[in-house]
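Below are the chains, spelled out letter by letter.
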Amino acid sequence: MPYYDPATAPGDLLFILKETRQYTTDEMTAGRPLPVKAATLAALPTFIALYEPLVSSLTQALGNRSREVRESNDAKATLEVATRDYIEVLRRRTRRQKQDVAVLVNHGLDSTGDTPNMEGWPNLKRVAEALVAGDASSTAGYGAMANPSAAELQSTLTAAQEEHADVAPADTAVQAAQTLLDAQDERALFLVSEIRYDALDSARREDDPGQRRLLRKLGFRFKSYPGEPAEDVTDQLATSPATPVS
């Protein structure tokens, strides 16, 4: 038998509130009895007007943060490739031209030219900055690096720094939107529970499938156990996807 899947995500709570408002409006227009008490219905328009923009703001902030994190990660990955290429070319050039290992040390490397730890943004940034600075200090004695050049590496580093800097404000925006939404969670959960209890009370003479049909019309969701055939509900409404909350 399908079981009730309680809504907790803001997007799912909002979906129930809006579906209930729409369904009861249609029923009222048709002159049919309403499955939700008047007091509960009276609270919906004002609360939805408050709650919906908050849900939208959080969704937008989460999407923006996701984009900024992705762009930052892409820029850092590009920087890591450029940095590894730079070290490899520098190491090979030093050996091929029999240059003093001091040129490696000047670039922040050890005397073997092994690639240092670049795990995490602070390490990657430190290594790239040392390479750029090392090229400037070694140019007089050994010539500037090429393929990639220090200028190319610096450009890649600058792009990664800019993208990294965009993540913190995006995080702050998510936290601010989440805080405003959290302040309304208790009210949203209360209204949804009132809708459910009102509907179950109005359908108390119905069998279990009949009660579930009504609740589905109001936006509630039910799940089936593994291996259990899906319930045949001809008027089941599609449910909304949950809104991610960090």
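On a predicted model such as this, the values are computed, not experimentally measured, just so you know.

Engineer: So what exactly am I meant to see when it comes to the layout of surface pockets here?
Structural biologist: The probe, sized like a water molecule, is rolled over the atoms to show the empty space still left. When its volume is computed, the largest pocket comes out at roughly 250 Å³. Around the largest pocket sit 13 residues that line it, and Tyr23, Pro35, Ala203, Glu206 and Leu214 are the ones nearest its centre. Residue assignment for the lining of the largest pocket shows that the elements contributing at least two residues are α1 (10-29) and α7 (208-217). Residue contributions to the lining of the largest pocket peak at 4 residues, all from α7. Taken together, the residues that form the lining of the largest pocket break down as 6 nonpolar, 2 polar and 5 charged.

Engineer: How should the packing of aromatic side chains be read in this particular structure?
Structural biologist: Aromatic ring pairs: the centre-centre distance and the angle between the two ring planes describe each pair. Applying the stated criterion to the full structure yields 4 aromatic pairs. Ring geometry for Tyr4 versus Phe220: centroids 6.0 Å apart, planes at 55°, classification tilted. Of this pair, Tyr4 sits in strand β1 (residues 3-5) while Phe220 sits in the loop between α7 and β2 (221-223), placing them 216 residues apart in sequence. Exposure remark for Tyr4: the relative accessible area of 22% places this residue in the partly exposed category. On the numbers, 5.9 Å between centres and 55° between planes, the contact of Tyr4 with Phe222 is tilted. You can see Tyr4 sitting in strand β1 and its partner Phe222 sitting in strand β2, a full 218 residues away along the chain. Its relative accessible area of 16% is what places Phe222 among the buried residues. A network of ring pairs unites the aromatic residues Tyr4, Phe220 and Phe222 as a single cluster. One Lys or Arg, Arg196, reaches over the ring of Tyr4 and ends 4.1 Å from the middle of that ring.

Engineer: What is the right way to read helix α6 (residues 167-202) from this model?
Structural biologist: Think of an α-helix as turning once every 3.6 residues; residues three or four places apart then point the same way. Look at α6: 50 Å from first C-alpha to last across 36 residues, which is about the 52 Å you get at 1.5 Å a residue. Taken as a whole, α6 has its buried residues at Val167, Ala170, Val174, Ala177, Gln178, Leu181, Ala188, Leu191, Val192, Ile195, Asp198 and Ala199.

Engineer: Explain the packing of α6 against α7 here, please?
Structural biologist: Where α6 contacts α7, the two axes come as close as 10 Å, and the packing angle between them is 140°. Accordingly, the angle class assigned to the pair α6 and α7 is oblique. As α6 runs across α7, the sense of the crossing is right-handed. Contacts between α6 and α7 pair Arg196, Ala199, Leu200 and Ser202 from the former with Gln211, Leu214 and Leu215 from the latter.

Engineer: Can you help me understand unusual backbone geometry in this one?
Structural biologist: Residue Asn147 is joined to Pro148 through a cis peptide bond whose omega torsion reads 0°. Tracing the chain through its elements places Pro148 in the loop between α4 (121-142) and α5 (150-165). Although it is not a glycine, Lys98 adopts a positive phi angle of roughly 50°. The residue Lys98 is located in the loop between α2 (38-96) and α3 (102-106) in this model.

Engineer: Honestly, the side chain of Thr94 in this entry has me stumped. Any pointers?
Structural biologist: Inspection of the secondary structure puts Thr94 in helix α2. Ignoring sequence-local partners within four residues, the contact set of Thr94 consists of Gln99, Asp100, Val103 and Leu104.

Engineer: Would you take a moment to explain the nonpolar core for this structure?
Structural biologist: Of all hydrophobic cores here, the largest spans 32 residues; its most connected members are Leu17, Leu44, Tyr51, Ile195, Leu218 and Phe220. Looking at this core, the elements that each hand over two or more residues are α1, α2, α6 and α7. Counting residues per element, this core draws most heavily on α2, which supplies 11 residues. Aside from chain neighbours lying at most four places away, what touches Leu218 is Ile16, Glu19, Thr20, Tyr23, Val36, Ile195 and Ala199.

Conventions we followed
- Residues numbered from 1 in each chain as written.
- Predicted model: local features only at pLDDT ≥ 70, side-chain atom pairs only at ≥ 80, totals over all residues.
- Heavy atoms only, no water.
- 1 Å grid on protein atoms, 1.4 Å probe; cavity = no way out; pocket = protein on both sides within 12 Å on 5 of 7 lines; lining within 4 Å.
- Points joined across faces, edges and corners; volume = space filled by probe spheres on them.
- Helix = DSSP H or I, 4+ residues; strand = E, 2+ residues; numbered from the N terminus.
- Nonpolar A, V, L, I, M, F, W, Y, C, P; charged D, E, K, R; others polar.
- Phe/Tyr/Trp six-rings, centres within 6.5 Å; stacked < 30°, edge-to-face > 60°.
- Buried < 20%, exposed > 50% of the residue type's maximum accessible area, 1.4 Å probe, protein only.
- Lys NZ or Arg CZ within 6 Å of the ring centre and 35° of its normal.
- Expected span 1.5 Å × (residues − 1).
- Axes fitted to C-alpha atoms, helices over the stretch in contact; angles between N-to-C directions.
- Parallel < 35°, antiparallel > 145°, perpendicular 65-115°, else oblique.
- Left-handed = near helix turned anticlockwise from the far one by under 90°.
- Contact = heavy atoms within 4.5 Å.
- Core = buried A, V, L, I, M, F, W, Y, C linked by side-chain atoms within 4.5 Å.

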